[in-house]
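Residue strings, one per chain:
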Amino acid sequence: MCAVLTCRGDLSVPGSRMPLGSPLQTSARVVRRFLLEAVDLFSEHRYEAGGRATPDQIRQEIRRLEAVQLDPVAAVERNQHLVLAARVPGYTPALLEGLLGGGQIFEYWGHAACVFPIEDYPNFEGKRRALRKRLAPQLAPLRSVAKAVLARLEREGPLPARAFTGAPRIRGWWDTAGPKTKATSHALTLLMGTGQVMVARRDGVERYFDLPQRVVPPEVLRHAADIAPQDANEALFAKYMRALRVFDLSDGTFGWRRIPAKQRRAIVARLIRAGIVVPLQIDRTRRPYFLLAEDIDRLRRHRDVAREEAHDDGPVRFLPPLDNLLWRRERLADVFGFTYRWEVYVPAAKRRYGYYTMPILAGDRLIGRINPLLDRDAGRLIVNLLHLERGVTPTPQLRAALRDALEGFARLHGASKLTIGRSRPAHLLR
């Protein structure tokens with residue numbers, strides 16, 4: 001039986017008596033197919049396989065995704081590189097670093113530290129101005145340090161944080177006890193938040209800072225200076241909705257700004273009245289979701305081919321813990337029936353699946369998890385755990401697809417050897 005997409009009743013947001021209109025009613029499978037298409041994980045690669053990726057392909061992919069989250073953890077490749085490699089065959093980390101160093105993308109905070117297309121720089125101006133006001137009390141005691149940092153960047157930049165030697169240690173907001181952070185490093189963090197410095201390039205995980213006027217193209221910088229804060233905030237919220245596609249009001253990073261719950265409801269209600277957003281009710285899911293009205297036809301196209309039973313006969317991909325599809329863990333559970341926790345910060349004795357466990361996507365299902373580790377010295381990819389979810393049948397076709405995907409994952413990391421440890425079921429890939 002085909003999943004349906006219909007309208008029924010009124011949807012009220014919890015904690016509010018305000019009706020938000022008649023929701024679209026649909027199945028979880030329709031939504032997950034729509035989401036997979038939106039984040040470019042729905043079918044075979046759109047780019048030619050077997051060749052080398054190009055800078056233009058990577059720039060276009062970041063535009064399609066709206067943002068790619070950055071993370072320094074390197075059990076295998078880092079998150080940002082795994083996100084892009086899962087979508088663009090032939091990707092190498094040098095491509096992303098080249099775009100950053102060439103001023104075609106920039107680093108800033110969305111829901112977390114991310115890279116964005118450079119043309120989005122003005123959209124964050126409202127956020128930067130708000131942070132200048134909010135962070136002023138923290139910058140005040142560091143005024144002389146910040147002034148010295150800016151002066152040196154103007155003379156010499158770009159420079160890494162380690163170039164600023166002899167700075168006293170202070171306690172940053174992330175330090176749990178005692179002074180642990182260099183005053184210059186803390187000043188760089190605050191100055192980046194307020195838009196007074198930017199990351200000009202990266203060498204691996206090391207960031208090189210410089211002044212915005214030497215990083216951002218002049219016409220983009222002028223647009224940022226001229227844009228009204230309200231216009232910037234509206235553009236940023238539109239970007240947030242395009243990045244999430246299906247969003248809910250309980251998101252703690254709603255709109256990628258600090259927006260109280262009451263104000264969130266008011267924003268969404270206004271967008272519904274304007275016909276920009278529609279409520280979305282997913283079968284057997286209590287949480288209310290919302291969808292851009294422009295995406296209704298795309299959602300309906302997936303309804304026309306969806307069936308009650310899911311299939312895992314599509315391409316197999318291993319998703320990094322901070323992949324765009326995984327940003328909202330609640331949505332992952334509601335739409336994919338997949339409970340996921342990144343255990344990198346869980347004490348080793350309490351981990352269930354492992355330090356860097358990655359979900360396995362096959363077709364339109366999340367069918368399992370791997371816990372990989374790259375032994376760089378030995379050129380070996382070690383899969384400490386290969387785990388299939390309950391109800392997933394390890395058919396010969398799925399076993400072969402998993403083997404091919406793991407071998408491709410090893411090649412991505414330059415590993416000539418592949419070792420598989422525990423698996424569930426046992427002897428999954430003999």
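Refer to the structure printed above.
On a predicted model such as this, the values are computed, not experimentally measured, just so you know.

**A look at the pairing of strand E9 (residues 198–203)**
Working note: regular strand, side chains alternate between the two faces of the sheet.
Next, step 1: Here E9 pairs with strand E10 (residues 206–210) via five bridges, running antiparallel. Of the residues in E10, the one forming a bridge with Arg-201 is Tyr-208.
Next, step 2: Where E9 hands over to E10, the hairpin turn is made up of two residues, of which Gly-204 adopts a positive phi near 70°.

**Quick look at empty space enclosed by the protein**
Next, step 1: Within this structure, the stated rule accounts for two cavities of 30 Å³ or more.
Next, step 2: Taken together, Leu-70, Gln-80, His-81, Leu-96, Glu-97, Leu-100, Ile-105, Glu-107, Val-115, Arg-202 and Gly-204 form the lining of the largest cavity.
Next, step 3: Here the lining of the largest cavity gets three residues from one element, more than from any other, and that element is helix H4 (residues 93–101).
Next, step 4: Its residues placed into classes, the lining of the largest cavity shows five nonpolar, three polar and three charged.
Next, step 5: Reported here for the second largest cavity is a volume of approximately 40 Å³.
Next, step 6: Taken together, Glu-107, Tyr-108, Tyr-121, Arg-128, Met-192, Gly-195, Val-197 and Met-198 make up the full set of residues lining the second largest cavity.

**Digging into the pattern of salt bridges**
It is possible for side chains of opposite charge to pair when their charged atoms get near one another.
Next, step 1: A full pass over the atoms with the stated rule returns 26 salt bridges.
Next, step 2: Salt-bridge contacts for Arg-152 lead to Glu-156; the nearest nitrogen and oxygen are separated by 3.0 Å. Placement of the pair is Arg-152 and Glu-156 together in helix H7 (residues 143–156), with a separation of four residues, close to one helical turn.
Next, step 3: On the basis of relative accessibility, which here comes to 22%, the residue Arg-152 falls in the partly exposed class.
Next, step 4: Among the ionic pairs, Glu-156 bridges to Arg-155, the shortest N-O distance being 3.9 Å.
Next, step 5: Each of Glu-37, Arg-245, Glu-294, Asp-295 and Arg-298 takes part in salt bridges that share partners, so that together they form one network.

**Here's the deal with the sheet that holds strand E3 (residues 68–69)**
Next, step 1: The strand order across the open sheet formed by three strands is E3-E5-E4, and the pairing between neighbours is antiparallel. Every interior strand has two partners, whereas the edge strands, E3 and strand E4 (105–109), have only one.
Next, step 2: Bridge count between E4 and strand E5 (residues 113–117): five bridges; the pairing is antiparallel. Bridging across to E5, Tyr-108 finds its partner in Cys-114.

Conventions we followed
Residues numbered from 1 in each chain as written. Predicted model: local features only at pLDDT ≥ 70, side-chain atom pairs only at ≥ 80, totals over all residues. Heavy atoms only, no water. Pairing = 2+ DSSP bridges. Helix = DSSP H or I, 4+ residues; strand = E, 2+ residues; numbered from the N terminus. 1 Å grid on protein atoms, 1.4 Å probe; cavity = no way out; pocket = protein on both sides within 12 Å on 5 of 7 lines; lining within 4 Å. Points joined across faces, edges and corners; volume = space filled by probe spheres on them. Nonpolar A, V, L, I, M, F, W, Y, C, P; charged D, E, K, R; others polar. Salt bridge = Lys/Arg side-chain N within 4 Å of Asp/Glu carboxyl O. Buried < 20%, exposed > 50% of the residue type's maximum accessible area, 1.4 Å probe, protein only.

Treat this as a map of the structure, not an account of what it does.
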